[in-house]
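Structural overview
One-letter residues, chain by chain:
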Amino acid sequence: YRKAAEQGHVFGQFSLGAMYYDGLGVKKDYVSAINWYRKAAVQGHFICQTNLGYMYSKGMGVEKDYIIAMYWYRKAAEQGHVFGQFSLGAMYYDGLGVKKDYVSAINWYRKAAVQGHFICQTNLGYMYSKGMGVEKDYIIAMYWYRKAAEQ
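Read on for an overview of the structure.

Another point: the overall build of the chain. Along the chain, the regular secondary structure elements total nine helices and zero strands. Projected onto its principal axes, the C-alpha positions of the chain cover 55 × 30 × 25 Å. Relative to all contacts within the chain whose residues are 6 or more apart in sequence, the contacts with residues 24 or more apart total 38%. Entry remark: accessible area of the chain is about 8200 Å², with carbon and sulfur atoms responsible for 55%. Of the side chains in the chain, 18 bear a positive and 11 a negative charge, and the two mean positions are spaced by 2 Å.

Given below as structure tokens:
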């Protein structure tokens, strides 16, 4: 993968980043993982964008930075990546890197929920049952709880 990665191939960069992240065939090295993930992320690789968001949100190989994490999660989320959407929704829900915003959390959770993300479906059920960012609606809450349970 290294040769392809060094030649700018996005899949090679993603794969090499994953190898450094997991320590597969190389010593585990989050700094190197960040480096290779970033190279692929700027080329639009949404998994690498989500991985960067996660690593910045946890301070893995970099200083913890929720604002940068939000940036990468948003890049992935806007491409329709379910984990980017879930993660961005969670950042809004918890107020990490941004002011707590239940309306935005609902928006991003819904995008992931319609793709079958059961945690987002459960989160939507909870938020509708409590009226968080939306008008309280037990029927819609039950709809999302049921969707999650059916998985």
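Still more to cover.
Of note, Gly12 is situated in helix α2 (residues 10–22). Gly12 gets classed as buried once you look at its relative accessible area, which sits at 3%. Note: C-alpha distance between Gly12 and Trp36 (24 residues apart in sequence) is 8.8 Å. Discounting chain neighbours no more than four positions away, the residues touching Gly12 are Tyr1, Ala4 and Ala5.

Tyr37, Leu52, Leu88, Tyr109 and Leu124 are the most contacted members of the largest nonpolar core, which has 39 residues in total. Secondary structure elements with two or more residues in this core: α2, α3 (30–41), α4 (46–58), α5 (66–78), α6 (82–94), α7 (102–113), α8 (118–130) and α9 (138–149). Beyond its immediate chain neighbours, meaning those up to four positions away, Tyr37 contacts Phe14, Gly17, Ala18, Tyr21, Cys48, Asn51, Leu52 and Met55.

A few words now on the packing of aromatic side chains. Under the definition given, this model contains seven aromatic pairs. Relative to Trp72, the ring of Tyr71 lies with its centre 4.9 Å away and its plane at 80°, an arrangement referred to as edge-to-face. For Tyr71, a relative accessible area of 44% translates into the label partly exposed. Among the aromatic residues, those joined into a ring-pair cluster are Phe86, Tyr93, Tyr102 and Tyr109. Directly above the aromatic system of Trp36 lies the positively charged group of Lys39, at a separation of 5.7 Å from the ring centroid.

Given a rise of 1.5 Å per residue, 13 residues ought to cover 18 Å, and the 18 Å separating the end C-alpha atoms of α8 matches this to within 8%. Structurally, α8 contributes buried residues whose contacts are with α6, α7 and α9. Immediately downstream of α8, the backbone of Gly131 shows phi near 70°, a positive value.

Between the first and last C-alpha of α9 there are 16 Å, a value that for twelve residues agrees with the 16 Å anticipated at 1.5 Å per step. Looking only at α9, the buried set comprises Ala141, Trp144 and Ala148. For α9, the arc enclosing every buried residue in end-on projection is 70°, short of the 170-degree limit, so these residues lie on one face. Seen from the open side of α9, the exposed residues pointing more than 90 degrees away from its buried face are Ile139 and Ala149. In this fold, the buried residues of α9 make contact with α7 and α8. Residue Asp137 occupies the N-cap position of α9, its side-chain oxygen lying 3.0 Å from the main-chain nitrogen of Ile139.

Interhelical geometry of α5 versus α6 gives an angle of 140° and a closest axis separation of 8 Å. Taken together, the axes of α5 and α6 are oblique relative to one another. As for how α5 packs across α6, the hand of that crossing is left-handed. Where α5 abuts α6, its residues Tyr66, Ala69, Met70, Tyr73, Arg74, Ala76 and Ala77 lie against Gly84, Gln85, Ser87, Leu88, Met91 and Tyr92. Residue classes in the contact of α5 with α6 are distributed as nine nonpolar, three polar and one charged.

The rules we used
- Residues numbered from 1 in each chain as written.
- Predicted model: local features only at pLDDT ≥ 70, side-chain atom pairs only at ≥ 80, totals over all residues.
- Heavy atoms only, no water.
- Helix = DSSP H or I, 4+ residues; strand = E, 2+ residues; numbered from the N terminus.
- Contact = heavy atoms within 4.5 Å.
- Areas by Shrake-Rupley, 256 points an atom, 1.4 Å probe, with all protein chains shown as cover.
- Lys, Arg positive; Asp, Glu negative; His and termini not counted.
- Charge placed at Lys NZ, Arg CZ, Asp CG, Glu CD.
- Buried < 20%, exposed > 50% of the residue type's maximum accessible area, 1.4 Å probe, protein only.
- Core = buried A, V, L, I, M, F, W, Y, C linked by side-chain atoms within 4.5 Å.
- Phe/Tyr/Trp six-rings, centres within 6.5 Å; stacked < 30°, edge-to-face > 60°.
- Lys NZ or Arg CZ within 6 Å of the ring centre and 35° of its normal.
- Expected span 1.5 Å × (residues − 1).
- Arc of directions from axis to C-beta.
- Polar contact = N/O pair within 3.5 Å; in protein donor to acceptor, adjacent residues only side chain to side chain.
- Axes fitted to C-alpha atoms, helices over the stretch in contact; angles between N-to-C directions.
- Parallel < 35°, antiparallel > 145°, perpendicular 65-115°, else oblique.
- Left-handed = near helix turned anticlockwise from the far one by under 90°.
- Nonpolar A, V, L, I, M, F, W, Y, C, P; charged D, E, K, R; others polar.

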